[in-house]
Amino acid sequence: MGHTVTICFQVVEEINEALQDRATLENRDVNELIVKAIENYLGVKASNRRAHDRTVVNLSAVARPISEEVGTAILPGKVRDVSVGGLKLQCDYAPKDLMRIIGVGHHVEIIFTVPERQYPVCFTCEVKHVFEKDVSELGCAFIKSTGDSLDVLKEILQFSP
């Protein structure tokens, strides 16, 4: 598998908005669209379509949708993989029920336990994908962390097999 490189560039606001709209429409991340466009332009296929490598985990978690409403639902589940950019959360909800609670672009607070830690870690994330399989899964991008959660994430990524 090839190594990833981060590329930063500027675009006019209209292009950024069009990319955001298209990504939402296709239920994708903007980075995926940009890589796809570059691949098409160059006529090459990248060996790793992900921005960051994933580390498979199985960590008990709970997610709380962040909204204006008081009494927002609590979504129990498990974190199935993590990366530098985000995580995949398997929720204990049927896909149709989950879609009534949360969707792409919504923000969630995800709290999960890490073995050998006395307290859980907490991240605020943006939902990038809602996977409707046998079980419901959310693909989430990190927005911010609480306390030393980022340091714990680095430990998970560094020491996982």
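Below you will find a few notes about this structure. What you see is a predicted model; the values in this text were computed from it and never measured.

With that settled, consider the environment of G86. When you line up the elements, G86 lands in strand β3 (residues 86–91). The exposure class assigned to G86 is buried, which follows from its relative accessible area of 5%. Sequence separation between G86 and C140 is 54 residues, and the spatial gap between their C-alpha atoms is 5.4 Å. With residues near it in sequence (within four places) discarded, G86 still touches D81, C140, A141 and F142.

To continue, consider helix α2 (residues 30–42). Counted at 1.5 Å a residue, the expected span for α2 with its 13 residues is 18 Å, and the 18 Å between its end C-alpha atoms agrees. When α2 is considered as a whole, its buried residues turn out to be V30, E32, L33 and E39. Looking at the buried positions of α2, the neighbouring elements they touch are α1 (13–25) and β5 (121–132). At the C-terminal side of α2, G43 shows a positive phi close to 75°.

Time to look at a negative patch on the surface. Together, E13, E14, E17 and D21 make up a region of like negative charge exposed at the surface. As for its placement among the helices and strands, E13 is situated in helix α1.

Further remarks concern a nonpolar patch on the surface. A cluster of nonpolar side chains, contributed by I7, F9, V11, V12 and I15, occupies part of the molecular surface with about 480 Å² of accessible area. For I15, the position within the fold is in helix α1.

Attention now moves to the pattern of salt bridges. For the structure on display, the rule yields three salt bridges. Here K88 and E137 are joined by a salt bridge, their closest N and O atoms 3.7 Å apart. Taken together, the residues span a long stretch of sequence, with K88 in strand β3 and E137 in strand β6 (residues 136–145) at a distance of 49 residues. Overall, the relative accessible area of 19% leaves K88 in the buried class. For the salt bridge of K128 with E126, the shortest nitrogen-to-oxygen distance reads 3.7 Å. For E126, a relative accessible area of 24% corresponds to the partly exposed category.

Calculation rules
Residues numbered from 1 in each chain as written. Predicted model: local features only at pLDDT ≥ 70, side-chain atom pairs only at ≥ 80, totals over all residues. Heavy atoms only, no water. Helix = DSSP H or I, 4+ residues; strand = E, 2+ residues; numbered from the N terminus. Buried < 20%, exposed > 50% of the residue type's maximum accessible area, 1.4 Å probe, protein only. Contact = heavy atoms within 4.5 Å. Expected span 1.5 Å × (residues − 1). Patch = residues over 30% accessible without salt bridge, like charges linked within 9 Å, V, L, I, M, F, W, Y side chains within 5 Å. Areas by Shrake-Rupley, 256 points an atom, 1.4 Å probe, with all protein chains shown as cover. Salt bridge = Lys/Arg side-chain N within 4 Å of Asp/Glu carboxyl O. Lys, Arg positive; Asp, Glu negative; His and termini not counted. Charge placed at Lys NZ, Arg CZ, Asp CG, Glu CD.

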